[in-house]
Every structure is written in C-alpha cells, then in structure tokens.
Amino acid sequence: MKIITLILSFVLAGQFAFGQTTKTYSGNFNSKNFQGTSTYSYYEELEQRIFNGPFSFKSSTGNVSVVGNYKQSLKNGNWEIVF
C-alpha cells in the first residue's frame with residue numbers, strides 16, 4: 001500500500017510540475033519608473049505569474065523600449081534597452 005501511495009504521489013507531482021500552460025499577456029504595464037504597454041509569455045504556479053519566453057515593453061511616451069527573454073522569471077540571453 002505504501003508503494004502505491006508513493007507512486008501516485010510522484011505521478012501527481014509530475015502533473016503539476018510539467019502541466020503549466022503558457023499564456024500571453026498584451027496590455028498596460030507599469031514598473032517603478034515607467035508606464036506603457038507590454039507583451040510577454042508566462043505561466044502561473046501557486047498563484048504566482050512566472051515570466052517565461054519573449055518580453056517586450058514600450059513606454060507610453062515612446063522614448064523607452066525593452067526587448068528580451070525570460071526563462072522561469074530570470075532574464076535569459078541578450079536584452080535590448082533603448083532610451
């Protein structure tokens with residue numbers, strides 16, 4: 001019985017770990033210093049938004065833009081920031 005419970009626990013944990021659905025947001029985005037629009041990919045884990053994939057931002061004044069990639073909410077690769 002303990003073995004069945006253990007196997008079932010691993011199967012269910014695997015479903016949660018690998019079952020994230022990637023979503024895309026496009027709309028208003030506010031940071032500490034800038035307001036504007038953004039498009040990015042993410043998934044939700046334990047009610048927290050995890051950035052994963054391409055990210056772009058353009059300030060409402062048009063004088064700042066940011067383009068890059070996230071991997072599990074960490075910046076990944078080269079980022080382009082234009083002022």
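Residues numbered from 1 in each chain as written. Predicted model: local features only at pLDDT ≥ 70, side-chain atom pairs only at ≥ 80, totals over all residues. Heavy atoms only, no water.

Asks: Would you mind showing me how to read the overall build of the protein here?
Replies: Across its full length, the protein holds one helix and five strands. For the protein, the α and β elements follow one another from N to C terminus as α-β-β-β-β-β. Within the protein, the proportion of its 83 residues that are buried is 20%. Carbon together with sulfur atoms contributes 56% to the accessible area of the protein, which is approximately 6,800 Å² in total. (Helix = DSSP H or I, 4+ residues; strand = E, 2+ residues; numbered from the N terminus. Buried < 20%, exposed > 50% of the residue type's maximum accessible area, 1.4 Å probe, protein only. Areas by Shrake-Rupley, 256 points an atom, 1.4 Å probe, with all protein chains shown as cover.)

Asks: Would you mind showing me how to read the side chain of S38 here?
Replies: Residue placement: S38 occurs in strand β2 (residues 35-45). Only 2.7 Å separates the side chain of S38 from the backbone oxygen of S56, close enough to count as a polar contact. Ignoring any residue separated from it by four or fewer positions in sequence, one finds S38 in contact with Y25, S26, G27, F29, F55, S56 and F57. (Polar contact = N/O pair within 3.5 Å; in protein donor to acceptor, adjacent residues only side chain to side chain. Contact = heavy atoms within 4.5 Å.)

Asks: I keep staring at the packing of aromatic side chains and nothing clicks. Help me out?
Replies: By convention here, two paired aromatic rings are described through the distance between centres and the angle between planes. Scanning the entire structure with this criterion turns up twelve aromatic pairs. Where F29 meets Y40, the ring centres are 6.2 Å apart and the plane angle is 75 degrees; that geometry is what we call edge-to-face. With a gap of eleven residues between them, F29 in strand β1 (residues 23-30) and Y40 in strand β2 connect regions that are remote in the sequence. Linked through ring pairs, Y25, F29, Y40, Y42, F51, F55, F57, Y70 and W79 together constitute an aromatic cluster. Sitting over the ring of Y42, R49 keeps its end group 4.0 Å from the ring centre. Of note, K75 hangs over the ring of W79, and the distance from its end group to the ring centre comes to 5.2 Å. (Phe/Tyr/Trp six-rings, centres within 6.5 Å; stacked < 30°, edge-to-face > 60°. Lys NZ or Arg CZ within 6 Å of the ring centre and 35° of its normal.)

Asks: Can you help me understand the sheet that holds strand β3 (residues 48-59) in this one?
Replies: Sheets are built from strands that pair by backbone hydrogen bonding, the pairs being arranged parallel or antiparallel. The strand order β1-β2-β3-β4-β5 describes an open sheet built from five strands, whose pairing is antiparallel. Edge positions in the open sheet fall to β1 and β5 (74-82), since each of these has one partner strand only. For this sheet, the mean inter-axis angle between neighbouring strands, taken without regard to orientation, is 20 degrees. Note that β2 and β3 share nine bridges and pair antiparallel. Across the sheet, Y42 pairs through a bridge with F51, a residue of β3. (Pairing = 2+ DSSP bridges. Axes fitted to C-alpha atoms, helices over the stretch in contact; angles between N-to-C directions.)

Asks: Explanation requested: the nonpolar core in the structure shown.
Replies: Inside soluble globular proteins, nonpolar side chains tend to come together where they are buried. F29, Y40, Y42, F55, F57, V64, V66 and Y70 form the largest nonpolar core, which has eight residues in total. Of all the elements in the fold, those that place two or more residues in this core are β2, β3 and β4 (65-71). Those residues within four positions of V66 in sequence are excluded, and the remaining contacts are F55, S56, F57, W79, E80 and I81. (Core = buried A, V, L, I, M, F, W, Y, C linked by side-chain atoms within 4.5 Å.)

Asks: Before we go on, may I ask you to explain the pattern of salt bridges in this structure?
Replies: Opposite charge on two side chains permits pairing when their charged atoms draw close. With the rule as written, the count across this model stands at one salt bridge. E44 is the partner of K23 in a salt bridge, and the nearest nitrogen-oxygen pair spans 3.7 Å. Here E44 lies in strand β2 and K23 lies in strand β1, a separation of 21 residues in the sequence. Using a relative accessible area of 42% as the deciding quantity, one classes E44 as partly exposed. (Salt bridge = Lys/Arg side-chain N within 4 Å of Asp/Glu carboxyl O.)

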